[in-house]
Amino acid sequence: MRFAPGRRLQSIAGIALAGVLFVAVVLLADALLVGARVDLTEDRLYTLSEATHGIVEDIDEPIEFTLYFSNDAAEGVPFVRQYAQRVRELLEEYEALSGGRIDVRTVDPKPLTEARDRALEHGLEPVPSGTGNNARLFLGLVATNSTDGVEVIEFFEPERERFLEYDISRLVWSLMNPDPPVVGVMSRLDITERYNPSTREPIPAWAVVDRIKEFAEVREVDTPTTGIDPEIDVLMLVHPRDYRERTLYAVDQYLTHGGRAAVFVDPVADTASGPTRDQPDGRVSASDPGPLLEAWGVDVTLGHAVADPRNGLVVSTGEGRQTVHPGLLGITRQGLATDDVITATVERLVFGSPGVITNAEGGLEITPLVQAAPSASVLPAERFVGLDDPSELARGLKPLGRPLTVAARLHGDLRSAWPDGPPPEGEPPAGGHRAAAADPANMVLFADTDVLSDRLWVNERRQRGQTVREAFAGNGDMVANAIENLLGSDALIGIRGAGTSARPFTRVQELEREAANQFREKERELREALEETEQRLEALRSGREAGEGGVILSEEQQQELAAQRERRNRLRRELREVRQRLDARIEALGDRLRLLNIVAVPGVVALTALLVFGFRRRRRRRRAAAAA
């Protein structure tokens, strides 16, 4: 291909001009777009939410982030190194957003250094790196401010990557609000510590209360009352029932004046229901929150409870017999909101005959947190009391075919249940009566109180004279997460889980699972045959050893011994071959993917460029021919 001298000169000039323009654009961008960032990740991992913007804008004292990361100890743990990079980059986003009020530095706490001592003094928790030499790995954060405030994230768990922004923003918010939060407990159930007059010994609080005490001061709210202490940051309202109107009005005004609440209502509160002296066949203790739910525009089936034979727990009915209890629901991650910090890290919950939450038009916005499966239905509450055989609940039960919400967030404009003023016995708070909340309300509603009780999530055992509680379900974590979330600012409550940086090769994983299943089946057959062979060999050896004392193997037994040894070697060889075929198949797929990434994609780009070049060349020729 030859070019005329004039056209060649034009080409050189064009390339030179393009180079000058490129340099000019870079210089202009450097001068005009200082600090500008573009987040091209699929889930916008490096874009801080508006909620975080609000928290960072309120910082009034300079904050220093010190990220402790053991670079050397993580040498053989690539996913931790990748996550540490993700944490560091997100911290730098906070630094860029703060306009100089946040400073980030990274420290490697190597063994026998002052940095390591400081990390341990701040309570950071190193974990075994698994790379030998007993190496321990730090990946934690210490945040300090100029008023000696210190907040710590002991270790960044990669499993919590979705809530990385929430965790860091919460740490900043806690640093700005150093006073310990207060949780008020108003309950018709005996969940706080109390005194047993007959034994003259204290009865411990339920385990969930001890869990809350780990991060907040718990105060019991005596009833009846005409006002909720304004120092209470979150009100825990449990099984409201038989409260006077003035007490309910106090709760109402606490909420309309900006208070937050975790509310637990129940169609069948098991700890308060059951046979009594007056009602030996059993009685139902259902919650009665008065006009509160109606004012919020929320409905809970306080006359009916959820039953689900498919997801019911197995219980003992005595004499060693076991049966499924449709009223005790084991709810796994399929029924949990995985993008909400309250339930995202919980694996399994146990609810006891909960109600169903729905909303009315114009009411608070309901965001489900926990849902029973579509296989569930509802039954009259009376049927759950005094059961000799829980399986009776399953008779004639028809699935509703839709998830049933048993726990939810409530958010939005809140109206008072007494819009025209206080009831006769009610006393408005110091700020005066409010017919509606000034700002959007934030609450969490549970249609169950049994979810709090120890019997549904902890086992107790005695160890060295002390009672030790061991959780077998995540009820305590869920409730603690809900309270802790409500204790944060409105902005903090608004942060939801984001995506993750992990981008696994799903096709490879699918192939691995498929091949592994095939391998396991074949392996099981071969191992069973191998075990049988080993047993036969052992029997023959025993005979020979006995033969040293007088028993001699016959020729037939010796032939069988040799045959079994050959069979054992053949089976072991087959096992190795199955494993090798699996590895080879996965490796071949990996090679194809690498070839696709390295060759195919650039090839497509090059082919596109050639097609464009050919098209333009053909067009020029046509123009030249037309001009001639």
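Refer to the structure printed above.
For clarity, every value in this text was computed on a predicted model and none was experimentally measured.

## Some details on the overall build of the chain
Piece 1. Within the chain, the secondary structure is distributed over 12 helices and 24 strands.
Piece 2. In the chain, which comprises 628 residues, the share counted as buried stands at 40%.
Piece 3. Just so you have it, the chain exposes about 35,200 Å², and 50% of that area is on carbon and sulfur atoms.

## Quick notes on the side chain of Glu 165
Piece 1. Considering the arrangement of structural elements, one finds Glu 165 in helix α5 (residues 164–176).
Piece 2. Although Glu 165 is buried, it forms no salt bridge, and the closest oppositely charged side chain is Arg 86 at an N-O distance of 7.2 Å.
Piece 3. A distance of 2.5 Å separates a polar atom in the side chain of Glu 165 from a polar atom in the side chain of Thr 52.

## Looking at unusual backbone geometry
Piece 1. Thr 223 connects to Pro 224 through a cis peptide bond whose omega is 0°.
Piece 2. Here Pro 224 is to be found in the loop between β10 (217–220) and β11 (234–238).

## Brief notes about the environment of Arg 211
Piece 1. Within the secondary structure, Arg 211 is located in helix α6 (residues 207–213).
Piece 2. The spacing of Arg 211 and Ala 480 is 269 residues in sequence and 6.7 Å in space, taken between C-alpha atoms.
Piece 3. Within the local environment of Arg 211, its side chain forms a polar contact with the side chain of Glu 214, the two groups lying 3.0 Å apart.

## Section: the sheet that holds strand β5 (residues 139–145)
Piece 1. In spatial order, the strands read β2-β1-β5-β6; together these four strands make up an open sheet with mixed pairing. Of all strands in the sheet, those bounded by a partner on one side alone are β2 (102–107) and β6 (150–153). Neighbour to neighbour, the strand axes of the sheet diverge by 15° on average, direction disregarded.
Piece 2. The pairing of β5 with β6 spans four bridges and is antiparallel. Considered in β6, the bridge of Val 142 is made with Val 152.
Piece 3. Here α5 sits on the sheet in contact with β1 (63–69), β5 and β6, set at roughly 165° to β6.

## Considerations on the nonpolar core
Piece 1. Phe 65, Phe 156, Met 236, Val 370 and Met 478 are the most contacted members of the largest nonpolar core, which has 91 residues in total.
Piece 2. With sequence-adjacent residues up to four places away left out, Phe 156 is seen in contact with Leu 67, Tyr 83, Val 87, Leu 139, Gly 140, Leu 141, Leu 164 and Ile 168.
Piece 3. Counting 36 residues, the second largest nonpolar core, distinct from the first, contains Tyr 243, Tyr 249, Val 251 and Ala 417.

## Some details on helix α4 (residues 114–121)
Piece 1. Every buried residue of α4 is accounted for by Ala 115, Arg 116 and Ala 119. Summarising the axial view, the buried residues of α4 lie within an arc of 100°, below the 170-degree limit, and thus occupy one face. Facing away from the buried surface of α4 by more than 90 degrees, the exposed residues are Glu 114 and Glu 121.
Piece 2. In the core, the buried residues of α4 are packed alongside β1, β2 and β4 (136–137).

## Here we look at the layout of surface pockets
Piece 1. Each pocket or cavity is described by its volume, and for the largest pocket that value is around 1,200 Å³.
Piece 2. Taken together, 42 residues form the lining of the largest pocket, with Glu 151, Arg 170, Ser 174, Phe 215 and Glu 484 sitting closest to its centre.
Piece 3. Elements supplying a minimum of two residues to the lining of the largest pocket: β6, α5 and α9 (475–487).
Piece 4. With eight residues, the single largest contributor to the lining of the largest pocket is α5.
Piece 5. Looking at the lining of the largest pocket residue by residue, the class counts come to 20 nonpolar, eight polar and 14 charged.

## Looking at the side chain of Ser 375
Piece 1. Residue placement: Ser 375 occurs in the loop between β19 (365–372) and β20 (377–380).
Piece 2. Given a relative accessible area of 14%, Ser 375 falls into the buried group.
Piece 3. Aside from chain neighbours lying at most four places away, what touches Ser 375 is Asp 308, Arg 310, Asn 311 and Pro 399.

## With respect to the sheet that holds β11
Piece 1. If you trace the seven strands from one edge of the open sheet to the other, you get β10-β7-β11-β12-β22-β21-β19, paired in mixed fashion. With one partner strand each, in any of the chains shown, β10 and β19 form the two edges of the open sheet. Between one strand axis and the next, the sheet turns through 20° on average, direction left out of account.
Piece 2. Note: β19 against strand β21 (residues 404–412), seven bridges, orientation antiparallel. Across the sheet, residue Pro 368 finds its bridge partner in β21, namely Ala 408.
Piece 3. Relative to β11, helix α7 (residues 245–256) is tilted by about 145°, and along the sheet it contacts β7 (182–187), β11, β12 (260–264) and β22 (441–446).

Conventions and cut-offs
Residues numbered from 1 in each chain as written. Predicted model: local features only at pLDDT ≥ 70, side-chain atom pairs only at ≥ 80, totals over all residues. Heavy atoms only, no water. Helix = DSSP H or I, 4+ residues; strand = E, 2+ residues; numbered from the N terminus. Buried < 20%, exposed > 50% of the residue type's maximum accessible area, 1.4 Å probe, protein only. Areas by Shrake-Rupley, 256 points an atom, 1.4 Å probe, with all protein chains shown as cover. Lys, Arg positive; Asp, Glu negative; His and termini not counted. Salt bridge = Lys/Arg side-chain N within 4 Å of Asp/Glu carboxyl O. Polar contact = N/O pair within 3.5 Å; in protein donor to acceptor, adjacent residues only side chain to side chain. Pairing = 2+ DSSP bridges. Axes fitted to C-alpha atoms, helices over the stretch in contact; angles between N-to-C directions. Contact = heavy atoms within 4.5 Å. Core = buried A, V, L, I, M, F, W, Y, C linked by side-chain atoms within 4.5 Å. Arc of directions from axis to C-beta. 1 Å grid on protein atoms, 1.4 Å probe; cavity = no way out; pocket = protein on both sides within 12 Å on 5 of 7 lines; lining within 4 Å. Points joined across faces, edges and corners; volume = space filled by probe spheres on them. Nonpolar A, V, L, I, M, F, W, Y, C, P; charged D, E, K, R; others polar.

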